[in-house]
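Each chain is listed here by its residues.
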Protein chains: 8
Amino acid sequence: MNERSLRELLGAVQAGNVSVEAALATFKDFPYNDLGFAKIDHHREVRQGFPEVIYCAGKTTEQIVSIFRELAEKSTGNLLATRAKRQVYEAVVAKVAGAEYHDLARVIVLRRGEQRRLGSILVVSAGTSDLPVAEEAAITAEVMGNRVERLYDTGVAGIHRLLSQRDKLRAARVVIVVAGMEGALASVVGGLVDKPVIAVPTSVGYGANFGGLAALLAMLNSCASGVGVVNIDNGFGAGYLASSINRLGEAET
Amino acid sequence: MNERSLRELLGAVQAGNVSVEAALATFKDFPYNDLGFAKIDHHREVRQGFPEVIYCAGKTTEQIVSIFRELAEKSTGNLLATRAKRQVYEAVVAKVAGAEYHDLARVIVLRRGEQRRLGSILVVSAGTSDLPVAEEAAITAEVMGNRVERLYDTGVAGIHRLLSQRDKLRAARVVIVVAGMEGALASVVGGLVDKPVIAVPTSVGYGANFGGLAALLAMLNSCASGVGVVNIDNGFGAGYLASSINRLGEAET
Amino acid sequence: MNERSLRELLGAVQAGNVSVEAALATFKDFPYNDLGFAKIDHHREVRQGFPEVIYCAGKTTEQIVSIFRELAEKSTGNLLATRAKRQVYEAVVAKVAGAEYHDLARVIVLRRGEQRRLGSILVVSAGTSDLPVAEEAAITAEVMGNRVERLYDTGVAGIHRLLSQRDKLRAARVVIVVAGMEGALASVVGGLVDKPVIAVPTSVGYGANFGGLAALLAMLNSCASGVGVVNIDNGFGAGYLASSINRLGEAET
Amino acid sequence: MNERSLRELLGAVQAGNVSVEAALATFKDFPYNDLGFAKIDHHREVRQGFPEVIYCAGKTTEQIVSIFRELAEKSTGNLLATRAKRQVYEAVVAKVAGAEYHDLARVIVLRRGEQRRLGSILVVSAGTSDLPVAEEAAITAEVMGNRVERLYDTGVAGIHRLLSQRDKLRAARVVIVVAGMEGALASVVGGLVDKPVIAVPTSVGYGANFGGLAALLAMLNSCASGVGVVNIDNGFGAGYLASSINRLGEAET
Amino acid sequence: MNERSLRELLGAVQAGNVSVEAALATFKDFPYNDLGFAKIDHHREVRQGFPEVIYCAGKTTEQIVSIFRELAEKSTGNLLATRAKRQVYEAVVAKVAGAEYHDLARVIVLRRGEQRRLGSILVVSAGTSDLPVAEEAAITAEVMGNRVERLYDTGVAGIHRLLSQRDKLRAARVVIVVAGMEGALASVVGGLVDKPVIAVPTSVGYGANFGGLAALLAMLNSCASGVGVVNIDNGFGAGYLASSINRLGEAET
Amino acid sequence: MNERSLRELLGAVQAGNVSVEAALATFKDFPYNDLGFAKIDHHREVRQGFPEVIYCAGKTTEQIVSIFRELAEKSTGNLLATRAKRQVYEAVVAKVAGAEYHDLARVIVLRRGEQRRLGSILVVSAGTSDLPVAEEAAITAEVMGNRVERLYDTGVAGIHRLLSQRDKLRAARVVIVVAGMEGALASVVGGLVDKPVIAVPTSVGYGANFGGLAALLAMLNSCASGVGVVNIDNGFGAGYLASSINRLGEAET
Amino acid sequence: MNERSLRELLGAVQAGNVSVEAALATFKDFPYNDLGFAKIDHHREVRQGFPEVIYCAGKTTEQIVSIFRELAEKSTGNLLATRAKRQVYEAVVAKVAGAEYHDLARVIVLRRGEQRRLGSILVVSAGTSDLPVAEEAAITAEVMGNRVERLYDTGVAGIHRLLSQRDKLRAARVVIVVAGMEGALASVVGGLVDKPVIAVPTSVGYGANFGGLAALLAMLNSCASGVGVVNIDNGFGAGYLASSINRLGEAET
Amino acid sequence: MNERSLRELLGAVQAGNVSVEAALATFKDFPYNDLGFAKIDHHREVRQGFPEVIYCAGKTTEQIVSIFRELAEKSTGNLLATRAKRQVYEAVVAKVAGAEYHDLARVIVLRRGEQRRLGSILVVSAGTSDLPVAEEAAITAEVMGNRVERLYDTGVAGIHRLLSQRDKLRAARVVIVVAGMEGALASVVGGLVDKPVIAVPTSVGYGANFGGLAALLAMLNSCASGVGVVNIDNGFGAGYLASSINRLGEAET
């Protein structure tokens with residue numbers, strides 16, 4: 001419902017082609033579908049370039065299946081459901097053929113049509129325990145049409161593992177850094193590249209880690225400039241933000 | 001000291017044009033200048049496209065002036081010093097002619113050469129008290145060569161002020177949202193645009209705001225996807241990150 | 001034991017109709033019944049217009065059944081038990097016929113006599129995962145004699161879903177806003193209506209949400225005036241407060 | 001801009017009385033005035049029944065004076081500016097005759113026209129040190145047209161001081177409880193009355209009080225039902241919410 | 001090993017009745033018994049008037065049984081083991097006849113000899129869910145030789161339940177107040193009595209209770225003087241402290 | 001207004017010696033005096049054995065002087081005002097002759113009549129910086145009629161300083177331990193004595209001390225049984241509690 | 001890849017014995033082996049004197065077995081895997097003969113070749129519940145070639161147990177102190193010895209212990225100088241640090 | 001008062017050369033001197049190899065001068081007073097000739113006799129603002145007899161500045177890392193060296209730094225093994241610990 005369509009609608013009212021009541025209805029009926037427990041935001045694909053993504057935690061399997069089907073029918077692009085258990089996937093795929101499941105990342109994906117292939121996003125992770133979050137980020141970015149490179153287990157305690165991959169770091173258009181414990185990797189990577197860095201703290205660690213708080217604070221206080229932070233364990237958010245950045249570059253070309 | 005220059009150096013060693021000791025020295029003498037209390041990272045302009053920025057808090061006036069002069073002499077682009085008091089500026093401008101001071105944003109700027117004008121970054125702020133942080137972000141982005149639009153005092157308690165400016169929101173390539181108190185503006189803006197959003201929590205508020213913690217947590221937990229967060233009151237960091245994102249698009253064209 | 005009854009009692013003592021010892025006993029025997037592990041506050045229905053509500057968490061099934069029966073016998077209005085598991089309900093209904101169970105809201109209700117129907121309370125919730133808390137609020141308000149409207153899944157990331165329902169917002173006499181994650185919905189709703197808003201943060205979210213702390217702080221710091229906050233996940237408290245506000249209006253008519 | 005006026009506007013477009021461009025402008029020009037650093041929300045008086053209130057902390061004296069004058073000219077009701085220092089008041093009164101200053105509450109008030117007198121709000125406070133916040137609440141409610149009673153220095157350590165005033169408690173339509181330290185007063189009052197209770201934690205205390213956190217948590221966890229909490233030291237918010245509740249009752253009569 | 005015994009020992013050395021090596025050994029062999037995983041502090045009964053109490057959490061059943069037996073053999077007074085599961089009790093009673101188990105309080109008790117009966121300690125608790133902690137306190141005090149009165153379910157939301165029992169409050173020599181949620185009961189009781197009050201916050205509550213933090217902070221900030229606080233859920237500590245206070249009075253008589 | 005006086009009053013009503021209205025008034029007029037900003041609780045001296053103590057922080061000098069005078073006139077025992085600056089004292093002594101000031105402890109004392117001398121309370125402190133709090137505790141206890149011993153600068157880093165004073169520790173009837181930093185002194189003392197120990201954490205320290213939080217948590221988690229904790233820097237509270245414990249023993253003799 | 005080997009490599013390039021491409025590869029191929037999910041840092045044994053240690057939490061059994069085998073084949077010293085469950089051990093020992101499991105410490109050890117025996121490290125622990133962490137520290141230090149003494153269950157509540165072992169304390173070259181609850185043991189030990197003290201807070205405790213935070217803060221604020229702190233429950237880290245300190249002394253001899 | 005001297009004393013008692021009373025006095029008179037407000041621990045120089053260090057914060061100038069003089073007279077080694085303001089120094093030097101003042105580190109030093117020169121300690125700091133803490137560490141170590149190297153302004157955002165100094169890192173026997181903001185430097189250094197690393201978080205930073213908490217948590221969670229952490233801004237503690245480690249090596253040679 002942008003300015004142009006509003007202008008057209010008002011023109012149609014002026015011309016008598018659209019009645020006042022019909023115009024009124026249009027203003028009211030924004031495009032969403034009410035399932036009772038959920039209002040599916042079909043407008044989002046138009047507004048933000050990607051359909052609503054389903055965050056499965058806290059929803060019943062029935063609710064997830066209903067929303068997934070609704071989106072599968074009313075939208076045309078790839079679909080994504082995050083924090084999904086395998087049994088949820090099985091209920092989804094029984095209704096929506098072609099849905100895939102990624103165990104490590106705990107996401108359900110439905111790929112449709114030709115896949116766009118935007119320039120490269122690099123996902124760097126600190127340790128093996130950070131992989132689920134890193135994969136959530138990587139698959140999110142892939143599903144949204146980006147090429148994704150991975151550089152895993154490059155924690156700063158053995159910094160030569162990272163430094164030896166400087167070419168990969170420089171080749172990326174956007175870098176996602178996934179790290180738990182003290183989260184120092186974000187600062188080191190942020191100092192090595194001149195591209196936007198998205199930092200994802202993970203809850204990996206124990207004791208005074210306080211469920212990811214240590215890495216979160218470290219990343220927010222990074223001495224390297226140009227680092228944006230998302231929530232603890234929020235691989236999806238990082239993938240989404242990286243994609244919107246990457247698309248920005250592409251859109252210009 | 002990228003791969004190409006390393007290759008050349010090794011070739012020169014092989015050819016006998018550079019001695020082993022000289023090559024060894026090169027590996028050691030990375031390009032920084034040691035002032036004793038500070039090692040000026042002249043390599044940064046090459047590595048990250050903008051010279052080192054001076055964070056003035058916690059440094060003596062003498063140290064700031066020294067660093068500013070060193071950068072003014074050894075680099076060629078615009079210079080920026082943040083969290084600078086006016087008296088610091090006066091000491092700087094006595095040594096480095098042409099330095100400007102921005103009261104509200106508390107930054108010192110030295111503009112040099114022709115200014116690049118990248119596509120537009122929009123800085124949105126919630127309330128009048130958030131202006132110093134918003135201006136720090138805006139001026140940082142301007143100094144780094146971006147066109148900057150401002151949309152101030154559009155807190156969500158009177159959301160029509162924001163909604164009436166949707167055109168501005170959509171025209172931006174990157175949006176910086178600056179908000180204190182409950183920081184809800186980031187989520188609302190994040191849901192309206194399909195561009196990267198950088199959220200800056202401010203310490204504006206009192207009581208259970210806990211120095212910006214309320215806005216910080218809100219922004220990290222934003223229900224809108226595609227929002228990256230920087231530290232509380234870190235207008236500079238937001239401007240820097242937005243610039244690196246914006247430049248990415250430009251670089252591709 | 002209000003002023004009038006005290007005056008009557010003293011008059012009876014003066015008139016010799018009540019002995020000093022009996023009067024003394026009355027002052028001591030405030031109206032509660034001691035079950036040993038619990039003192040049932042039968043005075044509450046008189047004092048606050050609704051019998052004591054049973055908070056089931058941390059009580060044994062036997063204790064809950066005893067208290068429920070005691071209240072069922074000694075009071076006359078509707079009864080409510082919150083945070084009740086289904087097996088607790090089954091033990092209750094075996095002793096108190098007519099008790100109902102609401103799965104989503106986890107409450108046991110006993111409706112008795114003709115139901116009052118006060119003006120309308122609107123319960124707005126942000127996401128599907130917030131429904132249990134929203135329903136606890138809604139049913140509490142219903143049981144206490146209010147008409148309740150629901151407006152669910154209207155998070156601010158798709159703000160048109162909320163804006164399209166402004167009529168509903170304006171028709172309500174009291175609005176309860178239930179939201180997890182960053183809790184921004186409370187501020188947006190608070191800015192749209194001129195009625196009291198009760199905000200309920202939920203523990204929905206992860207990472208830096210810290211069990212609902214993010215939404216709680218956001219709501220306490222709301223830039224919209226006229227928002228009162230209850231504890232995290234405290235749907236019952238919100239429904240109770242909304243009812244006491246709504247009743248206030250009714251009582252005056 | 002409610003449904004009726006929208007319907008009329010569309011009818012005028014249909015009838016040719018209003019051009020498309022003019023209608024378009026109306027949709028865009030929501031009623032606020034942009035002072036550059038602030039967008040005065042003149043719509044608020046219509047939407048919420050009271051003009052925008054000025055929160056002075058973090059604003060320069062010049063900004064406050066400008067906003068106060070703008071509101072004095074464009075609105076007709078009482079005006080309120082909170083957290084105002086005396087020197088700010090002096091700058092305001094130089095431009096806006098008739099403005100009053102309340103030292104203890106640190107508010108500037110401009111009273112205009114005949115004052116409405118809604119039913120009574122009672123402000124109860126725990127200790128002498130809580131008075132500034134209590135007065136901010138009381139004056140806010142008065143300025144918004146409510147009768148206000150005060151019951152000060154009735155902390156629970158000498159609970160007979162409170163119990164002896166039960167008549168006052170029962171006569172109120174809304175009760176505001178202002179308390180620092182452990183904030184127990186809210187629970188005790190909440191258990192004595194059947195009216196809505198607004199609890200305001202104050203930062204009065206030291207040590208493990210943590211700037212009001214102790215009282216805030218206590219009030220959020222109150223064992224008395226029907227208590228809504230506002231931010232620490234937020235007397236204004238409590239007065240505003242109490243007024244919107246009180247007005248609800250009045251509006252019905 | 002007090003001054004008198006030291007004097008005697010030195011006298012014995014002087015008199016040649018004790019060799020230097022033997023005296024040396026005495027200084028080294030303080031009276032504890034090393035079980036390998038634990039050093040049983042048999043000196044404690046002498047030093048503090050009650051044998052070491054076994055805190056069972058984090059110990060294996062085997063360790064608990066060993067320590068219990070060791071204490072049963074080497075000491076003569078009552079024994080106490082806290083935070084014990086029933087199966088631990090069963091293993092203990094198989095080896096130490098006469099040990100009792102208290103389900104609610106989760107403690108194992110071995111009573112021996114004639115029980116002292118010191119003056120009365122009163123345990124007041126706020127709600128039914130606080131009973132396990134209250135009982136831990138009550139039984140601890142009983143086992144240590146005190147008469148104990150109980151006053152349960154007297155939360156401040158129905159304060160008449162407490163006020164009607166003022167005689168009990170005044171008759172006590174020490175009062176233990178056990179309360180979760182907002183912990184206001186400690187302040188109210190502290191204001192009613194002139195005896196030492198020991199406050200025990202419990203973890204009863206949810207949301208912004210943060211595992212008992214709300215009640216803990218409230219009790220530490222109590223506006224009533226003369227309140228000492230122990231750790232969250234530490235019924236044992238409260239019973240122990242109350243006993244040491246009560247004994248003080250007795251010792252003087 | 002204890003049971004006996006209530007009984008007498010009711011008898012007088014029965015006998016016709018007191019009218020219903022007069023009796024009613026008595027129930028209402030609990031003994032306090034309302035200064036407007038404060039309700040002086042004259043009942044406290046009867047109820048708790050010591051007049052109300054004035055906490056000066058957050059009160060104006062005028063308020064403090066008024067309250068002090070009111071108490072000086074209406075009560076007969078010693079008076080105490082804590083957290084008082086010297087200039088407050090000077091205003092007080094101008095109106096109430098004989099008031100003394102203790103610089104280190106920042107308290108104003110008025111001693112009247114013969115001083116009681118209860119058995120000994122020992123105040124132990126860890127470091128020189130803890131002295132103000134230790135002195136506040138000591139003087140409070142002295143003013144309330146106790147003999148007080150001091151044992152200062154005995155931190156556990158040089159534990160022989162404490163161990164060499166075991167006689168003093170054992171001679172005390174109640175021990176107050178004042179310590180900042182890590183607060184370990186409370187546990188060590190708690191393990192050495194069989195008397196009640198009141199622990200006062202101080203805000204002495206820096207960094208991760210967090211204003212006394214470190215010592216507070218340590219004292220609450222003390223591995224020594226029988227330790228009660230008061231608020232950070234609350235020397236007054238510790239002195240008051242120690243006095244009420246000490247008096248308990250005395251009262252029995 | 002130290003200076004000497006770099007010098008040799010460059011000499012070889014100069015002499016034509018090594019090609020530019022081969023030298024280039026050497027700079028890139030730092031010695032690690034990429035298993036896909038993990039990059040085994042074989043360089044660590046050279047760089048830090050002990051092979052990479054496997055932290056098992058958050059890794060799958062398959063990953064752990066792979067890494068353990070890789071390290072067993074490519075390195076020559078002892079191996080260590082921490083936080084390992086018994087079933088993980090069983091999977092490891094099936095592939096790597098000779099691996100041992102320590103139940104209490106939850107570590108897998110592979111001892112190879114002759115064991116070095118550096119001077120003595122003393123592990124002191126406060127309570128029986130601290131043993132798992134203490135054993136993790138002790139075994140780590142043993143595996144790294146140190147002699148280890150143990151002094152367990154010496155909490156400060158019975159300080160004679162510690163003082164009687166002063167000889168052991170003084171004989172140690174490095175002391176590790178393991179304590180939960182209030183962590184006071186670190187300060188007391190730190191004041192008794194003139195050797196480096198490594199303090200390990202444990203999560204033993206409850207309530208306001210907050211998962212080890214109390215002991216952590218206490219240790220960081222220790223009034224004894226010369227205490228270094230590691231993460232909560234990080235026995236491994238303490239053992240490793242103590243070994244690197246102990247080795248330092250040995251290396252000099 | 002070690003075993004040998006105890007043995008001799010007992011022998012003397014046995015031989016009749018020392019009376020029982022005299023021996024008793026010796027046990028009691030541990031070597032400290034009581035100044036009233038402070039007990040100077042002269043035993044410390046014997047026990048820990050360095051006299052008591054004066055922490056000036058929270059002490060009056062008079063107290064500091066008294067303690068400094070007492071130590072200057074009764075001990076023979078170097079003396080150190082930390083957190084001292086210049087005016088304190090001036091009062092000290094007026095009484096104790098030869099005392100020096102270090103502005104940046106805010107310490108007073110008295111050097112006496114020949115200075116020992118232990119092997120080298122390296123102090124690495126991240127930024128210019130960390131210098132005061134770094135210097136406090138460096139001077140502490142120097143005063144205690146160690147050679148100290150400094151490597152300043154080597155934050156990880158320009159990691160080549162650190163990597164180019166690997167020789168210095170490797171030459172050190174102990175490394176102190178001083179860093180604020182995100183504290184990542186500790187992990188990077190910890191991964192590069194095989195020597196003990198002492199990490200000092202500083203309070204440099206703002207916003208979500210929370211006074212050094214971010215760096216503190218990061219250092220405690222370091223993915224590099226062998227890092228011990230001291231309190232925020234505790235340069236003294238780091239220098240002291242490093243010295244005790246360094247001395248260990250020396251002592252063995």
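Within any chain, residue numbers begin from 1 and follow the written order of that chain's sequence. Both sets of labels track the order of writing: A upward for chains, 1 upward for ligands. This being a predicted model, a pLDDT of at least 70 is required before a residue's local features are given, and a value of 80 or more before pairs of side-chain atoms are given or counted; all residues contribute to the totals for chains, interfaces and linings. Computation of side-chain values: all heavy atoms of the structure, hydrogens and water removed.

### Details of the domain arrangement of chain A
All names here are of chain A.
Next, step 1: Domain segmentation is taken from an automatic or database assignment of domains. Domain assignment breaks chain A into domain 1 (31-110) and domain 2 (118-252).
Next, step 2: If you look at the interface, domain 1 gives 15 residues, while domain 2 gives 13 residues.
Next, step 3: When two components associate, each loses some accessible surface as probed by a 1.4 Å sphere; the sum of these losses over both components is called the buried area. When domain 1 packs against domain 2, close to 1,200 Å² is buried across both sides, 65% of that on carbon and sulfur atoms.
Next, step 4: Considering only the side of domain 1, the residues that lose the most area to domain 2 are Phe50, Arg83 and Leu104, jointly responsible for 37% of the buried surface there.
Next, step 5: Within this document, salt bridges are pairs made up of a side-chain nitrogen of Lys or Arg and a carboxyl oxygen of Asp or Glu, the two lying within 4 Å of each other. Seen at the junction of domain 1 and domain 2, the total is 1 salt bridge. Here, two residues are considered to be in contact whenever any of their heavy atoms come within 4.5 Å of each other.

### Let's talk about the side chain of Glu135 of chain D
Next, step 1: Helix numbers and strand numbers start at the N terminus; a helix is a DSSP run of H or I with at least 4 residues, a strand a run of E with at least 2. Here Glu135 of chain D shows up in helix 6 (residues 131-143).
Next, step 2: Think of a polar contact as two N or O atoms within 3.5 Å of one another; within protein, one of them needs to be a possible hydrogen donor and the other a possible acceptor, and neighboring residues in sequence only count if both atoms come from side chains. Here Tyr152 of chain D takes part through its side chain, which lies 2.7 Å from a polar atom of the side chain of Glu135 of chain D.

### Here's the deal with the interface of chain E and chain C
Next, step 1: Taken together, the contact pairs 19 residues of chain E with 26 residues of chain C.
Next, step 2: Both faces considered, chain E and chain C share a buried interface measuring about 1,800 Å² in area, 53% of it formed by carbon and sulfur atoms.
Next, step 3: Viewed at the interface, chain C and chain E are joined by 1 salt bridge.
Next, step 4: Among the salt bridges present, the one from Glu52 of chain C reaches Arg161 of chain E, with a minimum N-O distance of 4.0 Å.
Next, step 5: Here the term charged refers only to Asp, Glu, Lys and Arg, the term nonpolar to Ala, Val, Leu, Ile, Met, Phe, Trp, Tyr, Cys and Pro, and the term polar to all other amino acids, Gly among them. Here the side of chain E that touches chain C is built from residues that sort into 7 nonpolar, 9 polar and 3 charged.

### Let's talk about the interface of chain H and chain G
Frequently, the measure chosen for interface size is the accessible area that the parts lose on association.
Next, step 1: At the junction of the two partners, chain H supplies 36 residues and chain G supplies 36 residues.
Next, step 2: Viewed at the interface, chain G and chain H are joined by 0 salt bridges.
Next, step 3: Along the contact surface separating chain H from chain G lie 5 residue pairs in polar contact (both at pLDDT 80 or more).
Next, step 4: Looking at the side of chain H that touches chain G, the elements that each hand over two or more residues are helix 3 (43-48), helix 8 (166-171), helix 9 (185-192), helix 10 (213-220), strand 11 (227-229) and helix 11 (235-252) of chain H.
Next, step 5: In terms of residues, the side of chain H that touches chain G owes the most to one element, helix 11 of chain H, which gives 9 residues.

### Topic: the packing of aromatic side chains
Next, step 1: Stacked, edge-to-face and tilted are the three classes for Phe, Tyr and Trp ring pairs, Trp counted by its six-membered ring, which pair at centre distances within 6.5 Å; planes under 30 degrees apart are stacked, over 60 edge-to-face, the rest tilted. Across all of its chains, the model carries 24 aromatic pairs over all chains by this definition.
Next, step 2: Seen in terms of ring centroids, Phe236 of chain A and Tyr240 of chain A are 5.8 Å apart; in terms of plane orientation they differ by 65 degrees. Their pairing is edge-to-face. Taken together, the residues Phe236 of chain A and Tyr240 of chain A, both in helix 11 (residues 235-252) and 4 residues apart, mark about one turn of the helix.
Next, step 3: Just above the ring of Tyr206 of chain H sits the side chain of Arg83 of chain B; from NZ or CZ to the centre is 4.2 Å. Working rule: Lys NZ or Arg CZ, within 6 Å of ring centre, within 35 degrees of ring normal, means a charge sits over the ring.

### Observations concerning the sheet that holds strand 5 (residues 100-102) of chain E
Residue and element names in this part refer to chain E.
Next, step 1: Here, a strand pair is defined by DSSP locating no fewer than two bridges between the strands. Across the sheet, which stays open at both edges, the 4 strands sit in the order 3-4-6-5 with mixed pairing between neighbours. The sheet is open, and its two borders are formed by strand 3 (54-55) and strand 5, each paired with just one other strand.
Next, step 2: Here strand 5 pairs with strand 6 (residues 107-110) via 3 bridges, running antiparallel. Paired with Glu100 across the strands is Val109, a residue of strand 6.

### Section: the relation of the copies chain E and chain C
Next, step 1: Superposing copies: least-squares fit, C-alpha atoms only, residues required to have pLDDT of at least 70 in both. Under the fitted operation, chain E is carried onto chain C by 0.0 Å of movement along the axis and a turn of 90 degrees, and the coordinates agree to an RMSD of 0.1 Å. Look at the turn and shift together and you get a four-fold axis relating the two. When C-alpha positions in chain E are compared against the rotation axis, the closest is assigned to Phe210 of chain E, at 7.1 Å.
Next, step 2: Little of the interface of chain E is mirrored in chain C, where only 5% of its interface residues are also at the interface.

### So, the relation of the copies chain H and chain G
Next, step 1: Of the transformation placing chain H onto chain G, the axial shift is 0.1 Å and the rotation is 180 degrees, giving an RMSD of 0.2 Å. Both chain copies can therefore be described as sitting about a two-fold axis.
Next, step 2: When the interface residues of chain H are mapped onto chain G, 100% of them again lie at the interface, so the same face is used by both copies.

### What about the environment of Ala126 of chain H?
All names here are of chain H.
Next, step 1: Examined against the element boundaries, Ala126 turns out to sit in the loop between strand 7 (118-125) and helix 6 (131-143).
Next, step 2: Categorising residues by exposure relies on relative accessible area from a 1.4 Å probe, with only protein chains included: less than 20% of the type maximum marks a residue as buried, more than 50% marks it as exposed, and the intermediate range marks it as partly exposed. Classification of Ala126 by relative accessible area gives buried; the value is 16%.
Next, step 3: Sequence-distant contacts of Ala126, defined by excluding residues within four places in its chain, comprise Asp153, Thr154, Gly155, Val178, Ala179 and Leu185.

### Considerations on the sheet that holds strand 5 (residues 100-102) of chain A
All names here are of chain A.
Next, step 1: Spatially, 4 strands are ordered 3-4-6-5 in an open sheet, and the strand pairing comes out mixed. Since the sheet does not close on itself, it has two edges, and those belong to strand 3 (54-55) and strand 5, each with one partner.
Next, step 2: Inspection of the sheet shows strand 4 (residues 79-82) paired to strand 6 (residues 107-110) by 3 bridges, in the antiparallel sense. Bridge pairing in strand 6 places Ala81 opposite Ile108.
Next, step 3: Fitted lines through C-alpha atoms give the axes, limited to the stretch in contact for helices. The angle between two N-to-C directions lies from 0 to 180 degrees. Docked against the sheet, helix 6 (residues 131-143) engages strand 4, strand 5 and strand 6, running at close to 15 degrees with respect to strand 6.

### Remarks on the confidence of the model for chain A
Next, step 1: Every residue carries a pLDDT, the predictor's confidence in it, which falls somewhere between 0 and 100. With 83% of its residues at a pLDDT of at least 70, chain A reaches an overall mean of 85.
Next, step 2: In the predicted complex, the global pTM is 0.87; the interface-specific ipTM is 0.83.

### Focus on the packing of helix 4 (residues 61-74) of chain B against helix 5 (residues 86-95) of chain B
Residues and elements named next belong to chain B.
Next, step 1: Between helix 4 and helix 5, the shortest axis-to-axis distance is 9 Å and the interhelical angle comes to 40 degrees. Comparing their axes, helix 5 and helix 4 come out oblique. Considering how the two elements wind past one another, helix 4 and helix 5 form a crossing that is right-handed. The segment helix 4 lies against helix 5, with Thr61, Ile64, Val65, Phe68 and Arg69 engaging Val88, Ala91, Val92 and Lys95.
Next, step 2: Of the residues contributing to the contact of helix 4 with helix 5, the split by class is 6 nonpolar, 1 polar and 2 charged. Orientation is classified from the angle alone, with under 35 degrees giving roughly parallel, over 145 giving roughly antiparallel, 65 to 115 giving roughly perpendicular, and any other angle giving oblique. Handedness of a crossing follows from how the near helix is turned relative to the far one, being left-handed for an anticlockwise turn of less than a right angle and right-handed for a clockwise one.

### Thoughts on the pattern of salt bridges
Next, step 1: Inspection of every chain in the model, using the stated rule, returns 65 salt bridges over all chains.
Next, step 2: Salt-bridge contacts for Arg86 of chain E lead to Asp103 of chain E; the nearest nitrogen and oxygen are separated by 2.9 Å. Here Arg86 of chain E, found in helix 5 (residues 86-95), pairs with Asp103 of chain E, found in the loop between strand 5 and strand 6; they are 17 residues apart in sequence, far enough to count as distant.
Next, step 3: Linking Glu142 of chain G and Arg150 of chain G is a salt bridge whose minimum nitrogen-to-oxygen distance equals 3.1 Å.
Next, step 4: Residues joined in a network through salt bridges with shared partners are Arg86, Glu90 and Asp103 of chain A.

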